[in-house]
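# Fold and contact review
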Amino acid sequence: MKTTIMALRILPPAALAAVLLTPAGAAAAGDGVVTDTLGGEHSYADVLWTCLAAFLVFFMQPGFAMVESGFTRAKNAVNILMKNLMDFSVGTIAFFVLGFGLMFGRSNGVFGTTLFALSGLGDSTWEYSFLIFQTVFAATAATIVSGAMAERTKFTAYLAYSFVITLFIYPVFGSWAWGGLLQGGGWLENMGFMDFAGSTVVHSVGGWLALAGAVVLGARIGKYSPDGRPRAIMGHNLPLAALGVFILWFGWFGFNAGSTTAVGPDIGYIAVTTNIAAAAGAVVAMFTAWAMFGKPDASMALNGALAGLVGITAGCDGVSPLGALFIGAVAGALVVLSVTAIDRVLKVDDPVGAVSVHGVCGAWGTLAVGLFNTEAGLFYGGGVAQLGVQALGVVVAFGWAFGLGLVLFFALSKTIGLRVSREEEFRGLDIGEHGMEAYSGFQVFTTQ
Amino acid sequence: MKTTIMALRILPPAALAAVLLTPAGAAAAGDGVVTDTLGGEHSYADVLWTCLAAFLVFFMQPGFAMVESGFTRAKNAVNILMKNLMDFSVGTIAFFVLGFGLMFGRSNGVFGTTLFALSGLGDSTWEYSFLIFQTVFAATAATIVSGAMAERTKFTAYLAYSFVITLFIYPVFGSWAWGGLLQGGGWLENMGFMDFAGSTVVHSVGGWLALAGAVVLGARIGKYSPDGRPRAIMGHNLPLAALGVFILWFGWFGFNAGSTTAVGPDIGYIAVTTNIAAAAGAVVAMFTAWAMFGKPDASMALNGALAGLVGITAGCDGVSPLGALFIGAVAGALVVLSVTAIDRVLKVDDPVGAVSVHGVCGAWGTLAVGLFNTEAGLFYGGGVAQLGVQALGVVVAFGWAFGLGLVLFFALSKTIGLRVSREEEFRGLDIGEHGMEAYSGFQVFTTQ
Amino acid sequence: MKTTIMALRILPPAALAAVLLTPAGAAAAGDGVVTDTLGGEHSYADVLWTCLAAFLVFFMQPGFAMVESGFTRAKNAVNILMKNLMDFSVGTIAFFVLGFGLMFGRSNGVFGTTLFALSGLGDSTWEYSFLIFQTVFAATAATIVSGAMAERTKFTAYLAYSFVITLFIYPVFGSWAWGGLLQGGGWLENMGFMDFAGSTVVHSVGGWLALAGAVVLGARIGKYSPDGRPRAIMGHNLPLAALGVFILWFGWFGFNAGSTTAVGPDIGYIAVTTNIAAAAGAVVAMFTAWAMFGKPDASMALNGALAGLVGITAGCDGVSPLGALFIGAVAGALVVLSVTAIDRVLKVDDPVGAVSVHGVCGAWGTLAVGLFNTEAGLFYGGGVAQLGVQALGVVVAFGWAFGLGLVLFFALSKTIGLRVSREEEFRGLDIGEHGMEAYSGFQVFTTQ
């Protein structure tokens, strides 16, 4: 390198220009640009980062799969793994064909109407990198639901649900909050709604759909005694669940920092806020559970880390590290209270706590932007209007996702059926739905 | 940044040249270049991407380890994990010492003859980044074989096999198809053979070696009844296997997109085709198995995802997303049919389906380039000649890998022995070969 | 891209300068810079790489968690997972608030005194990226200890320990060896001590603290017979442990190559030396155990890979690939001998071999720099002085970490208590400390 530079020093400016601008030199420097359909430019480094972040977010899929199978019973493990594999696979295709266009195509005022199956694009456009990143985001919203509906949902109904959420429910809401990335803005975004990486767009939408599913399904057999008292149904493999949480935490760096879709110092900043919020969530959830139940419960601590991550997702780019610490800490307490309340007061059976982690803490994180954002938050001199817009987004997300979820799951229950038979639920969905067992050669109690 | 730029605007061109070309500025901008032995230039960003992709491909090793141990019995789990650890470790050393030079050194017309142990290179040359990427590729080919030979192969024989494939069998074939990256082209490459990321070079070579191994070994005790009917021997831990498949999918983004070894829009493009093919493979394999066996079998769906990935590997850079969807879908159906045929018709015992996933679907993916490549494929106006060259490559790979595999495994069986004793196979290779069990403190049925 | 370049070719130099220097162009090219508190410049690519490397090192946390839970008994699995989760979470907060400033702030001669909670920094400074990278390093040192103290340590005591090491013990030693990155140099560094990625700073410090903990705690019940002979207590889940080792190997690429905190050819060079050392460690440990105990023990081979990785960490940037092979090979033999000696001669109960892997092999790797560094090593024409400085660093690390560790653990044992009751140890810490079991629905022998 040094030799080249020394040689160049003696060139006159015109020759220098020629050297600097040879295609070989440009390629060698790795500083090319790709354009998007709106004419915007993105550096090769942005392509690299956005794709790497997409790979990290893809890896959240086994994170969810391990958390959900670990926190449920051995007799249903194959089923939940298949649901995770299939919501991603079906979702990939549905989002490619229709969802991406609905979310990011040129808008008709309500949703996008171009870019279906990336039609009309050249091979080297930015949209490919953007599609892979957005695909794994859509799949994250979809896969949240499987946990809340675990251990009793028919596989065919779950396939149908996966298709509809990625094809339609997620992308349309997404276009309202994020569509502007390619089409000039959705209506929520244009009102000033701030949700940097998707506390609401991804997590709450998934969480409220999960709530609708769990409500329509009803509780697992044996979850509530005849007089309505909840019974703890233990997960079968805590090491798997813990591995899943660590994988999710790892992937979340891609989820939050990757939402820049561009290289720059924000990557480091967001990594710091994301990590601090997760840590605070884990610690506070542990102490909250300790205070409430007398022991530092591992499930709650693990869910606390996820709660902190969901909570910081909306504001990771715009709150201070101390703000992140506070947001994560509140999420950690909130998730323990919410899991307990949903279980004991609402009597909705959510086997892995998905509604609390993603729905409730997603709402909290979105509101927290209105409080802690260093430019627009109430505690930093911003007005109450921002908090109002944040609340509006939270309410709209709940109405859209929970409302459509009720309709969808009710329709499924009246057509192909939403819930397996009582006999199948007793024996386990692995045998009933898939004709196989998760663990062969072990002594496993399937009636647990 | 803005301030610096404003200041520079007022400089005359000569001063500007000096500023632009100071080594400090170059380093600060992260746009340095490294050269390779042929004088080619690679940007720092290319180094970064190639190494990151190598790390992702390295991570496929635990993917294989989890798939193979999950799909086999508990009593042989330690053994298969050790084989995975050791084929990578032995392979790393063998490829460094000899394989890399055979594959990418200056060619004598048949194989390379320089770069052994990276001799003669300066510390800052491109070849280090290229070596780590190619090392993890070589190890992928090697580790495919352990699955097909699981539960009955002597550990010492497997060590010997690992050494030979990475030292010689893989690199020599690789030099024919890919050698041109550093030495000016292998003969298959010079005929126009297209295999972007290794459907044939890596996966089929591994798959046909696996077939040779399974043939020479014979079936596991109890796999076929006296009248020749196959019996299903269930894997012991499906969550591990599912985790492995997700890890492989994750690593495959590095495998395929990393084969650019350069940053640019291709990364996003390849990520999209790779992901769509994997998704289509999983979905179609599931429906195929559902139609054939009456249930959506999880093993088949998981292998379907891998089949789609193997299938798209050759053409990931040059087929359209819809082409990728089709290639993956065919691979998904093919893997179910192939696993069934190998099990029932050929009566070759391949415990994890490695021959079907890597050998058969690798061949399909290589041929598919001749059909779907948007510049040279038959369906896109290309001639039949490209398809012919693709078929030639497929046949040569089969002849080379299966042929040498038969020789190697036969030689091993006649010298140090290839198969464990009947007693050891009953009790499990974990105790027999390693003196330990995979699961201690669990009730495990080792005779399963 | 080509079109743009062709158009630029016809511009006169002055116009060219304007084009090249527009902020839009600069941003699009992804080549911005961020500054640090000392005025140093770091490219966007450096930010990207440093953060990605940090994410990889973060992922070592589940690596440790899987290794430690896999190598211990099922009845204590929840407890060890919680310790891993909590040492990272508590450590993140402690390092943010105080540790980072002690290690990298402006020094008072003994430790840093600025940068606490990143106070006084703008949002776009380099320190955010550097903090996330250093946080995951600090957490690595902390989490090493949990393995050696497994299966008998009170959870509250472990929380207290985690806080103190990340807040104070690790950062102060770190400032002596690495503080110069931001503050102008620590005293060991200024003497010429070389530890590129932390064989001593991270691994030995963690290893000697682990030794102190294991000594103060005493052995697990049943580990030694009344006449002092050691009994092997088998780990409960070898697939988990193997997965953990592969995850650690994967993350180690970020650990070692990421310690450049800058893009460039060193990334590829370090990836090569790191990988070769790990491979050599695994192979030699396997053969050493085979020779000593008659079988290729899987636990030893897995620990051998880790030993090679710890060994190469100090010198990964400055030894040749053959030097790395030798360093890893020696580490592989050393870890088997050390594990055996600590178990049988010193009679210290280290359930996972953490002291040998991290403490002993970390010391070896640090000394090996004085032998094999291609510029300063004894075998490459360097003087004995470098070896002396390396030895000094090793001794100081031992004195600081083991000494303070003894004080800390003794103080904890005399206050909140360090060890669980005999009854709890029999039944398992999962029930005793956390009120739950790792595996529900399986037949597990908790008294094993």
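Quick summary incoming for the structure in this document. (Residues numbered from 1 in each chain as written. Chains lettered and ligands numbered in written order. Predicted model: local features only at pLDDT ≥ 70, side-chain atom pairs only at ≥ 80, totals over all residues. Heavy atoms only, no water.)

Further remarks concern the interface of chain A and chain B. Facing 64 residues of chain A, the contacting portion of chain B comprises 68 residues. Of the roughly 5,600 Å² buried between chain A and chain B, counting both surfaces, carbon and sulfur atoms make up 81%. Across the contact surface, chain A and chain B share zero salt bridges. Ranked by the residues each element gives to the side of chain A that touches chain B, the list is headed by helix H6 (residues 77–104) of chain A, at 13 residues. (Contact = heavy atoms within 4.5 Å. Buried area = accessible area lost by both parts, 1.4 Å probe. Salt bridge = Lys/Arg side-chain N within 4 Å of Asp/Glu carboxyl O. Helix = DSSP H or I, 4+ residues; strand = E, 2+ residues; numbered from the N terminus.)

Another point: the environment of Gly-120 of chain A. Among the secondary structure elements, Gly-120 of chain A is positioned in the loop between H6 and helix H7 (127–148). In this structure, the C-alpha to C-alpha distance between Gly-120 of chain A and Thr-37 of chain A, residues 83 residues apart in sequence, is 9.5 Å.

This next bit is on the relation of the copies chain A and chain C. Expressed as a screw transformation, the operator carrying chain A onto chain C has a rotation angle of 120 degrees and an axial translation of 0.0 Å, and the superposed copies differ by an RMSD of 0.0 Å. Read as a symmetry element, the transformation amounts to a three-fold axis. When C-alpha distances to the rotation axis are compared across chain A, the minimum falls at Gln-443 of chain A, with a value of 3.2 Å. Counting the interface residues of chain A, we find that no more than 18% of their copies in chain C are interface residues as well, pointing to two distinct contact surfaces. (Least-squares fit on C-alpha atoms with pLDDT ≥ 70 in both.)

This part covers the relation of the copies chain A and chain B. Note on the identical chains: chain A maps onto chain B by a rotation of 120 degrees and an axial translation of 0.0 Å, with an RMSD of 0.0 Å. Take the interface residues of chain A: only 19% of them recur as interface residues in chain B, which is what a contact between different surfaces looks like.

It is worth spelling out the interface of chain A and chain C at this point. Contact residues are listed per partner, giving 66 residues for chain A and 64 residues for chain C. On inspection of chain A and its partner chain C, the count reaches zero salt bridges. Counting across the interface, chain A meets chain C through five residue pairs in polar contact (both at pLDDT 80 or more). Counting residues per element, the ones that place at least two in the side of chain A that touches chain C are helix H2 (13–21), helix H3 (23–28), strand S2 (41–43), helix H4 (44–58), helix H12 (238–257), helix H13 (266–293), helix H14 (298–313) and helix H15 (321–344) of chain A. At 14 residues, H13 of chain A tops the list of elements feeding residues into the side of chain A that touches chain C. Counted by class, the side of chain A that touches chain C contains 49 nonpolar, 13 polar and four charged residues. (Polar contact = N/O pair within 3.5 Å; in protein donor to acceptor, adjacent residues only side chain to side chain. Nonpolar A, V, L, I, M, F, W, Y, C, P; charged D, E, K, R; others polar.)

A word on the side chain of Thr-260 of chain B. All names here are of chain B. Relative to the helices and strands, Thr-260 resides in the loop between helix H12 (238–257) and helix H13 (266–293). Polar contacts involving the side chain of Thr-260 include one to the side chain of Trp-49, which spans 3.0 Å. When neighbours within four sequence positions are excluded, Thr-260 is seen to be in contact with Trp-49, Phe-196, Asp-266, Ile-267 and Ile-270.

Any two side chains of opposite charge can pair, so long as their charged atoms come close to each other. Residues and elements named next belong to chain A. By the definition in use, this model includes 18 salt bridges over all chains. The partner of Arg-419 in a salt bridge is Glu-425, with the nearest N and O atoms 2.9 Å apart. Arg-419 gets classed as partly exposed once you look at its relative accessible area, which sits at 27%. Among the residues examined, Glu-425 registers a relative accessible area of 4% and is labelled buried. (Buried < 20%, exposed > 50% of the residue type's maximum accessible area, 1.4 Å probe, protein only.)

As a further point, take helix H16 (residues 354–372) of chain C. Residue and element names in this part refer to chain C. Helix length check: H16 (19 residues) gives 25 Å between terminal C-alpha atoms against 27 Å at 1.5 Å per residue, within 8%. The sharpest bend along H16 reaches about 25 degrees and sits at Cys-361. Burial runs high along H16: 17 of the 19 residues are buried. (Expected span 1.5 Å × (residues − 1). Bend = angle between axes of the 7 residues up to and from the residue.)

Residue and element names in this part refer to chain A. Two numbers describe how H4 lies on H7: the axes approach to 9 Å, and their chain directions differ by 20 degrees. Regarding the angle of H4 to H7, the classification is roughly parallel. Here the hand of the crossing between H4 and H7 comes out left-handed. Every residue of H7 that contacts H4 at Val-47, Thr-50, Cys-51, Ala-53, Ala-54, Val-57 and Phe-58 is listed here: Ser-129, Ile-132, Phe-133, Val-136, Phe-137 and Thr-140. Looking at the contact of H4 with H7 residue by residue, the class counts come to 10 nonpolar, three polar and no charged. (Axes fitted to C-alpha atoms, helices over the stretch in contact; angles between N-to-C directions. Parallel < 35°, antiparallel > 145°, perpendicular 65-115°, else oblique. Left-handed = near helix turned anticlockwise from the far one by under 90°.)

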